[in-house]
Amino acid sequence: MIDRPARRSDHARMPKPCRLLLLVLWCLGSLAAQAQGNAAPGTAASAATPAQALVLLDGRLDALKTTLKAKHPDTSLADLRGSALAVQDQARQLALGLAPQMTALQSQLDVLGPAPAKDAPPEAVEVAAQRRQLDKAMATLDAQTKQAQLLGQNALQLATQITGLRNDEFQARLASRTATPFSRTFWADPLRTLPDDRVRIKRLGARFADAVAQAWQPPNRQPLVWCLIAAALLLGGGRRILERLLLTLATHRVPDGHLRRSAMAAAVALTAVLTTGLAAQLAYLGLDWNGILDDDLAALVSGAVGLVYFAAYLTGLGRALLSVRRPSWRLPTLSNLTAQRLRPFPWLLAAAVLLFGLLDRVSRASGISLPATVAASGLFALVVSSLIGLALLRLRHARRELTAEGAKPEHQPAWLGLLGTAAALGVVVSWLGVATGFIALAYFVAVQMLWVGVIVATVYLLIHLLTDLIDTLLSPRGRSGQRLQATFELDPHTLEQATVLLTGIVRVGLVLLALATVLTPFGAGPKDLLASAEQTLGSFKLGELAINPGIIFGGVVVLVVGVFVLRMFKRWLAEKLLPKSTMEKGMQDSIVTLLGYVGGVLVAVLTLAALHVDLKSITWIVSALSVGIGFGLQAIVQNFISGLILLVERPVKVGDWVSLSSDVEGDIRRINVRATEIQMWDRSTVIVPNSQLITQNVRNVTQANALGRVQIKLPMPLDTDASKVRQLVLGILHAHHGTLAAPAPYVQLEDVATGAMTFNCVAYVASPREVSGVKSELLFEILERLRQERMPMTSPQSMLVRTLPPLPDEGEHTG
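Keep in mind the model is a prediction, meaning the values are calculated, not measured.

Turning our eyes to something else, we now look at the overall build of the protein chain. From N to C terminus, the protein chain includes 26 helices and 10 strands. The burial tally for the protein chain puts 34% of its 815 residues in the buried class. A separation of at least 24 residues holds for 71% of the contacts in the protein chain among residues at least 6 apart in sequence. Here the protein chain displays about 49,000 Å² of accessible surface, and carbon together with sulfur accounts for 64% of that area.

Taken together, the side chains of Arg240, Arg244, Arg325, Arg326 and Arg343 make up a positively charged region of the molecular surface. The residue Arg326 is located in the loop between helix 9 (295-322) and helix 10 (336-342) in this model.

Moving on: the pattern of salt bridges. Pairing between side chains of opposite charge can happen when the charged atoms of each approach one another. One pass over the full model with this rule turns up 9 salt bridges. Arg341 is the salt-bridge partner of Glu401, the closest N and O atoms lying 2.9 Å from each other. Taken together, the residues Glu401 in helix 12 (residues 370-404) and Arg341 in helix 10 connect sequence positions 60 residues apart. For Glu401, a relative accessible area of 30% gives the class partly exposed. In this structure Arg341 comes out as partly exposed when scored by relative accessible area, which is 24%. Of the charged contacts in the structure, one is a salt bridge between Arg571 and Glu575, with a shortest N-O distance of 3.4 Å. Taken together, the positions of Arg571 and Glu575, both in helix 18 (residues 549-577) and 4 residues apart, correspond to about one turn of that helix. Looking at Arg571, the relative accessible area reads 22%, which means it is partly exposed.

Our focus in this paragraph is the layout of surface pockets. In this approach a probe as big as a water molecule rolls over the atoms, and the regions it shows empty are the leftover space. Here the second largest pocket is characterised by a volume of approximately 1,500 Å³. Taken together, 43 residues form the lining of the second largest pocket, with Leu342, Leu392, Leu395, Leu416 and Leu419 sitting closest to its centre. Looking at the lining of the second largest pocket, the elements with two or more residues in it are helix 9, helix 11 (344-366), helix 12, helix 13 (414-436) and helix 14 (439-473).

In this section: the packing of helix 6 (residues 184-215) against helix 11. In contact at an axis separation of 9 Å, helix 6 and helix 11 are set at 95 degrees when each is read in the N-to-C sense. Relative to helix 11, the element helix 6 is oriented roughly perpendicular. Only Val362, Ala365 and Ser366 of helix 11 make contact with helix 6, whose side of the interface consists of Arg200, Ile201 and Leu204. When the residues that make up the contact of helix 6 with helix 11 are grouped by side-chain class, the tally is 4 nonpolar, 1 polar and 1 charged.

Attention shifts here to helix 3 (residues 50-69). Over its 20 residues, helix 3 runs 29 Å from end to end, which matches the ideal 28 Å to within 8%, given 1.5 Å per residue. For helix 3, the set of buried residues is Ala53, Leu54, Leu57, Leu61, Leu64 and Leu68. Projected down its long axis, helix 3 carries its buried residues within an arc of 100 degrees, all on one side. Relative to its buried face, helix 3 has exposed residues pointing more than 90 degrees away, namely Val55, Thr66 and Lys69.

On to the environment of Phe569, then. Tracing the backbone through its elements, the reader meets Phe569 in helix 18. Classification of Phe569 by relative accessible area gives partly exposed; the value is 39%. Taking the C-alpha atoms as reference points, Phe569 and Leu595, separated by 26 residues in sequence, lie 9.4 Å from one another.

Time to look at the packing of aromatic side chains. Here a ring pair, both rings aromatic, is described through the centre-centre distance and the interplanar angle of the planes. Applying the stated criterion to the full structure yields 3 aromatic pairs. Here the aromatic rings of Phe356 and Phe380 are separated by 5.4 Å at their centres, their planes lie at 70 degrees, and the arrangement is edge-to-face. One end of the pair, Phe356, is in helix 11; the other, Phe380, is in helix 12, and 24 residues separate them in sequence. When sorted by exposure, Phe356 lands in the same class as Phe380, which is buried. An aromatic cluster is present here, built from Phe356, Phe380 and Tyr443 joined pairwise through their rings.

Among the structural elements, Thr458 can be located in helix 14. A polar side-chain atom of Thr458 sits 2.5 Å from a polar atom in the side chain of Tyr313. Apart from the residues lying within four places of it in its own chain, the contact partners of Thr458 are Tyr313 and Leu317.

When you line up the elements, Ser659 lands in strand 3 (residues 657-660). Not counting the four nearest positions on each side in its chain, Ser659 is found in contact with Val664, Glu665, Asn697, Val698 and Arg699.

Before going further, it helps to spend a moment on the pairing of strand 9 (residues 746-753). Note: strand 9 against strand 10 (residues 756-765), 7 bridges, orientation antiparallel. Each residue of the ladder has a partner; that of Val752, found in strand 10, is Met757. Here strand 9 folds back onto strand 10 in antiparallel fashion, the turn holding 2 residues, of which Gly755 has a positive phi close to 90 degrees.

Time to look at the sheet that holds strand 5 (residues 675-679). Ordered in space as 6-5-4-3-7, the 5 strands form an open sheet in which the pairing is antiparallel. Both edges of this open sheet fall to strand 6 (685-689) and strand 7 (698-700), since each of them pairs with a single strand only. In this sheet, adjacent strand axes meet at a mean angle of 40 degrees when their direction is disregarded. In this sheet, strand 4 (residues 665-671) lies alongside strand 3 in antiparallel orientation, the contact comprising 3 bridges. Across the sheet, the residue bridging to Ser659 is Glu665, located in strand 4.

Okay, the packing of helix 6 against helix 9 next. Contact pair helix 6 / helix 9: the axes reach a minimum separation of 11 Å and the direction vectors enclose 90 degrees. As the angle between them shows, helix 6 and helix 9 are arranged roughly perpendicular. Contacts from Leu204, Arg207, Phe208 and Ala211 of helix 6 reach helix 9 at Asp296, Leu297, Leu300 and Val301. Of the residues assigned to the contact of helix 6 with helix 9, the class counts are 6 nonpolar, no polar and 2 charged.

Turning our eyes to something else, we now look at a nonpolar patch on the surface. Where nonpolar side chains cluster on the molecular surface, the patch consists of Phe553, Val557, Val561, Phe564, Val565 and Met568 and spans about 540 Å² of accessible area. Following the sequence through the fold, Phe553 ends up in helix 18. The exposed category is assigned to Phe553, whose relative accessible area is 60%.

Before going further, it helps to spend a moment on the confidence of the model for the protein chain. Note that predicted coordinates carrying low pLDDT should not be read in detail. This prediction gives the protein chain a mean pLDDT of 78; 80% of its residues lie at or above 70. When the criterion is pLDDT under 50, residues 1-46 qualifies, and its contacts beyond four places in sequence or with other chains add up to 35 contacts. Across residues 810-815, where pLDDT falls below 50, the model places 0 contacts with residues more than four positions away in sequence or in other chains.

Quick look at the nonpolar core now. Nonpolar side chains in soluble globular proteins tend to be buried together. Counting residues in each nonpolar core, the largest one holds 27 residues, and the members touching the most others are Leu314, Leu349, Val384, Ile388 and Leu450. Where this core is concerned, the elements lending two or more residues are helix 9, helix 11, helix 12, helix 13 and helix 14. Considering each element in turn, this core owes the most residues, 8 residues, to helix 14. Counting residues in hydrophobic clusters, the runner-up holds 22 residues, among them Leu714, Ile732, Val771 and Val774.

With antiparallel pairing, the 3 strands of this open sheet are ordered in space as 8-10-9. Looking at strand neighbours, the two that pair on one side only are strand 8 (708-717) and strand 9, the edges of this open sheet. Here the average twist between neighbouring strands, direction ignored, is 20 degrees. Bridge analysis of strand 8 against strand 10 gives 10 bridges, and the strand direction is antiparallel. Paired with Leu714 across the bridge in strand 10 is Phe759. Across the sheet, helix 24 (residues 722-735) is in contact with strand 8, strand 9 and strand 10; its angle to strand 10 comes to roughly 20 degrees. In the packing of helix 25 (residues 771-788) onto the sheet, the strands contacted are strand 8 and strand 10, and the crossing angle to strand 8 comes to about 25 degrees.

About the cut-offs
- Residues numbered from 1 in each chain as written.
- Predicted model: local features only at pLDDT ≥ 70, side-chain atom pairs only at ≥ 80, totals over all residues.
- Heavy atoms only, no water.
- Helix = DSSP H or I, 4+ residues; strand = E, 2+ residues; numbered from the N terminus.
- Buried < 20%, exposed > 50% of the residue type's maximum accessible area, 1.4 Å probe, protein only.
- Contact = heavy atoms within 4.5 Å.
- Areas by Shrake-Rupley, 256 points an atom, 1.4 Å probe, with all protein chains shown as cover.
- Patch = residues over 30% accessible without salt bridge, like charges linked within 9 Å, V, L, I, M, F, W, Y side chains within 5 Å.
- Salt bridge = Lys/Arg side-chain N within 4 Å of Asp/Glu carboxyl O.
- Lys, Arg positive; Asp, Glu negative; His and termini not counted.
- Charge placed at Lys NZ, Arg CZ, Asp CG, Glu CD.
- 1 Å grid on protein atoms, 1.4 Å probe; cavity = no way out; pocket = protein on both sides within 12 Å on 5 of 7 lines; lining within 4 Å.
- Points joined across faces, edges and corners; volume = space filled by probe spheres on them.
- Axes fitted to C-alpha atoms, helices over the stretch in contact; angles between N-to-C directions.
- Parallel < 35°, antiparallel > 145°, perpendicular 65-115°, else oblique.
- Nonpolar A, V, L, I, M, F, W, Y, C, P; charged D, E, K, R; others polar.
- Expected span 1.5 Å × (residues − 1).
- Arc of directions from axis to C-beta.
- Phe/Tyr/Trp six-rings, centres within 6.5 Å; stacked < 30°, edge-to-face > 60°.
- Polar contact = N/O pair within 3.5 Å; in protein donor to acceptor, adjacent residues only side chain to side chain.
- Pairing = 2+ DSSP bridges.
- pLDDT = per-residue confidence, 0-100.
- Core = buried A, V, L, I, M, F, W, Y, C linked by side-chain atoms within 4.5 Å.

Quick look at the structure:
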């Protein structure tokens, strides 16, 4: 524990501007020390032996039962239930921790083999002794495991019993009835106990005044003064400065769009909490700098600080959502008139919560009589329900005015209409509860309406903030989205699908968390629901595989991290390391693909290890699906093995020009696990199973850097000078930049037919892919040179003209 008076001299020697920072740091250090102190028992329990841990857990469970049997237990039922669940969780963890030891002992017994016979040699005596020791240790571990499981079951039954008692107490409290406020009896009891209550309040006030006077004394005055000055600065200009700073950061650092609007709303809400709540915390810290306040006063002041935090958050949340001064920042679809009408209600509700909360804590600290407490509760229920009812009326009148002016009222979602109807019903129930004497019921309904409203508004703000953040980070047009596309080789549609999926998960998670928080007064808070889910899922098994939320989360984390690291490693290989080597592109792609397969298998193994999956746990699944796997996956396995053969032997590789017997000809673009992608000349893609490239005839045009051969058939007339044509064409072939000098081009007289002779002109190029382009350029050049040399490629057609005798006259023919 920190000795504050001993540090007083150090404060005096420090510069004054550093003292406020020292106070804040000391506050954070105190909170950290308190957290460590709370974690110490669990650490000590975990460090004990299994036998000692079982004794401790048994003692804690007996103490809880003894406390529960007391008529007036000092600890609340909620705390008792939490302690019982903690015992149950520790017993379950202890039983799980003993399981590996049992497995290790069983493995040692299997190694030793069966027990030796009585007439065994002397060497077997030592084996028998070791076996007896192992059997004894296994019996002890088995007994401890069963005892831990029994303790867990007893603790869970005790927690269930406490839950039933809490429900009974809750229902009895709500069903309790007092005199109606319209009767004289209701006011007679508070008036009769008023003198005693005034004395108790004066006594509490005197104690608080003495504490303040003691804090104002010279040893404690300076910390109190600095804390009050810091609190005044925060309340004065600190809120405006912090709000402007956060808004400036949101304006300049957050991209323009919906995210900036939701970020500004969140900044406005947080500013009120940070400034007002921190100011109250500093005032409390200065007042209790040297532990001046006793336990009751410390609880009173700390409770008041908590109320200030809640009231500040309520006002900040109202300002952020209504945004009267800046309508463009408004998240809900509210008109300016509606926002103006609803503007004062967050402040009024916060003031009511702060005022009546302080009265409640003062009554607890001073011991005010029950009639005065009941009257204060009824008054609080009336004030809160009246404010909520008045807000609903103003909202309705604003919509009517907009309709009367011809403006279209804002669209209301279905859930908002249901929430408004439930609020109106709650207002009526609260008023009727106060009028009929069910003050506890009315108070509970009013508190629940206020609590549900704050939770719904908070979830609404968080949904907008997180949704806009995800949309901005994963937008294909944004900077981060483009980086993700470049890093993981994603297309825009994948990012859009990921955005929709993540936003859906966030919305569902926040709604479930909100429901758990709303159900807290009924004994089903977030911790209880999480513990119940863990217990339910922890006892569920899929064969021999236990389903545990924590283990599943760890496995998902290992899978995501493993895939990310594997993708980054493949990208580094493909873009950084391998391009600087002398390997060709196809070999580089084969190495990257093979290492990707190996890394995928390694990630799968690590994920199964993180999930604590034993092969024995899934043997029943494999055996049940063995027939289907054998027949249904036969072709897939065949293509997979063929793909591995293609990557290892490399008869074809990425970038090769291949021709299959099925009239498929093109370039290999990718060799996948099951099939190979071949791009045709018309830019279409043919998916060919890998087994076809292994079992069928495949013509690889570019295998081993094959050269391209350009062949031109040149028909010329018989009277053409053949030597001149040969020299002309050879000069053209040698002069072209795409032809190779070795092998050298050549021109042969291939055929002499009736009326023409045919020249076979051949040249070689560096790649078969260049054949068509070089051939076209050579043909253009040859035709141009032949025209210049007046050497026609075909001889003119000869035509025979014969003169026919005249036809005989028709009359002569008749005669």
